[in-house]
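A closer look at the structure
Here is how the chains run, residue by residue.
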Amino acid sequence: SCAPASVMGALKYFGVQGSWSQRRLWYEVLFPRRLCTRGVSLAAGAELARCVGLLVEERRIADEARMAETLRSDLDEAFGREGAGRICLLVNYWRPSGGHWSPVGGWSKGMVLILDTNAARLPAHWVPLSALVRVLCRHNEITRGPRGYVRLRLPEPGDRAASGDAAK
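About the cut-offs
Residues numbered from 1 in each chain as written. Predicted model: local features only at pLDDT ≥ 70, side-chain atom pairs only at ≥ 80, totals over all residues. Heavy atoms only, no water. Axes fitted to C-alpha atoms, helices over the stretch in contact; angles between N-to-C directions. Helix = DSSP H or I, 4+ residues; strand = E, 2+ residues; numbered from the N terminus. Parallel < 35°, antiparallel > 145°, perpendicular 65-115°, else oblique. Left-handed = near helix turned anticlockwise from the far one by under 90°. Contact = heavy atoms within 4.5 Å. Pairing = 2+ DSSP bridges. Core = buried A, V, L, I, M, F, W, Y, C linked by side-chain atoms within 4.5 Å. Buried < 20%, exposed > 50% of the residue type's maximum accessible area, 1.4 Å probe, protein only. pLDDT = per-residue confidence, 0-100. Salt bridge = Lys/Arg side-chain N within 4 Å of Asp/Glu carboxyl O.

What follows deals with the packing of helix α1 (residues 2-14) against helix α3 (residues 42-51). At a minimum axis separation of 10 Å, α1 and α3 run at an interaxial angle of 40°. When the interaxial angle is binned, α1 and α3 end up oblique. By crossing handedness, the relation of α1 to α3 is classed as right-handed. For the pair formed by α1 and α3, the contact residues are A3, P4 and V7 on the first element and G45, L48 and A49 on the second.

Pasting the structure below:
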């Protein structure tokens, strides 16, 4: 599924995947904690990332202008010289087949690179920031709020400890 695949992508990006696999995420985190109902919501995906030791900030904003400003700032930090390798963004957005999770792979000239978790079906693709913002802000009938994205990073000395163990 796309949520555990996206979290695995983040763990690999940070170099801390250890013995985690998508299967282990399903059977040791998602199912026991009941984080999956009719999919994996933004809050459940954030909790999944916390359970494997990542520090998580959820970005759930219904207003498109505010979402664009916040996302642009996070993209600048994630893909700028100073932030490269320090944060990872996973988007929880709407597409015609339903809700979906994907890692973000790049940001350039107003375009965002989406790394789909099923590259055989939908290879990595660039989308305009405005189009991504629209589908991030779309109302989720199940959660009764907008979708959004998570900003992930590894704990550093002095951080409040993350739950879980990223090196498992």
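Within the fold, R38 resides in the loop between α2 (22-30) and α3. Separated by 90 residues in the primary sequence, R38 and P128 have C-alpha atoms spaced 28 Å apart.

A few words now on the sheet that holds strand β5 (residues 125-128). Across a sheet, paired strands are connected by hydrogen bonds in the backbone, their directions being either parallel or antiparallel. Strand order in the open sheet formed by 6 strands is β1-β8-β2-β3-β4-β5, with antiparallel pairing between adjacent strands. The sheet terminates laterally at β1 (55-59) and β5, the two strands that pair on one side only. Neighbour to neighbour, the strand axes of the sheet diverge by 35° on average, direction disregarded. Helix-sheet contacts for α1 involve β2 (87-95), β3 (98-108) and β8 (148-153), and the interaxial angle to β2 is about 160°.

Moving on: the nonpolar core. Counting residues in hydrophobic clusters, the biggest one holds 28 residues, and the most contacted among them are V7, L54, L90, W101, V150 and L152. Among the secondary structure elements, those contributing two or more residues to this core are α1, α2, α3, β2 and β8. Broken down by element, this core gets its largest block of residues, 7 residues, from α1. Setting aside its immediate chain neighbours within four residues, L152 contacts A10, F14, A49, L54, L55, V56, R86, I87, C88 and L90. Counting residues in each nonpolar core, the second largest holds 21 residues, with L71, I87, V133 and C137 among its members.

Moving on, we come to the environment of M67. Note that M67 resides in helix α4 (residues 64-79). Relative accessible area serves as the criterion here: at 0%, M67 is assigned to the buried category. Once the C-alpha coordinates of M67 and Y149 are considered, the two residues, 82 residues apart in sequence, prove to be 9.9 Å apart. Other than its neighbours up to four places away in sequence, M67 contacts R59, I61, V133, L136, C137, G148 and Y149.

Moving on, we get to the environment of R72. Checked against the element boundaries, R72 lands in helix α4. For the pair R72 and V112, spaced 40 residues apart in sequence, the C-alpha to C-alpha distance is 9.7 Å. Sequence-distant contacts of R72, that is, excluding residues within four places in its chain, are made with W107 and L129.

Next up on the list: the confidence of the model for the protein. If pLDDT is low for a region, its predicted coordinates should not be looked at in detail. Taken residue by residue, the protein gives an average pLDDT of 89. The fraction at 70 or more is 93%. Predicted confidence in the protein is weakest over strand β6 (residues 139-140), with a mean pLDDT of 80, and strongest over strand β4 (residues 111-114), with 98. Taken as a whole, residues 162-168 scores under 50 in pLDDT and shows 28 contacts with residues more than four places along the chain or in a different chain.

Moving on: α3. Of all 10 residues making up α3, 7 are buried, and the element is well covered by its neighbours. At its buried positions, α3 is contacted by α1, α2, β1, β2, β3 and β8.

Scanning the model with the defined rule gives 10 salt bridges in all. In this structure, the salt-bridge partner of E47 is R50, at a minimum N-O distance of 3.7 Å. Here E47 and its partner R50 are both found in helix α3, 3 residues apart, which amounts to about one turn of the helix. Take E47: its relative accessible area is 25%, and that puts it in the partly exposed class. Overall, the relative accessible area of 24% leaves R50 in the partly exposed class. The closest approach of N and O atoms between E57 and R151, which form a salt bridge, is 2.9 Å. Of this pair, E57 sits in strand β1 while R151 sits in strand β8, and the two are 94 residues apart along the sequence. Given a relative accessible area of 32%, E57 falls into the partly exposed group. If you follow the salt bridges from partner to partner, you end up with E57, R59, D74, E77 and R151 in one network.

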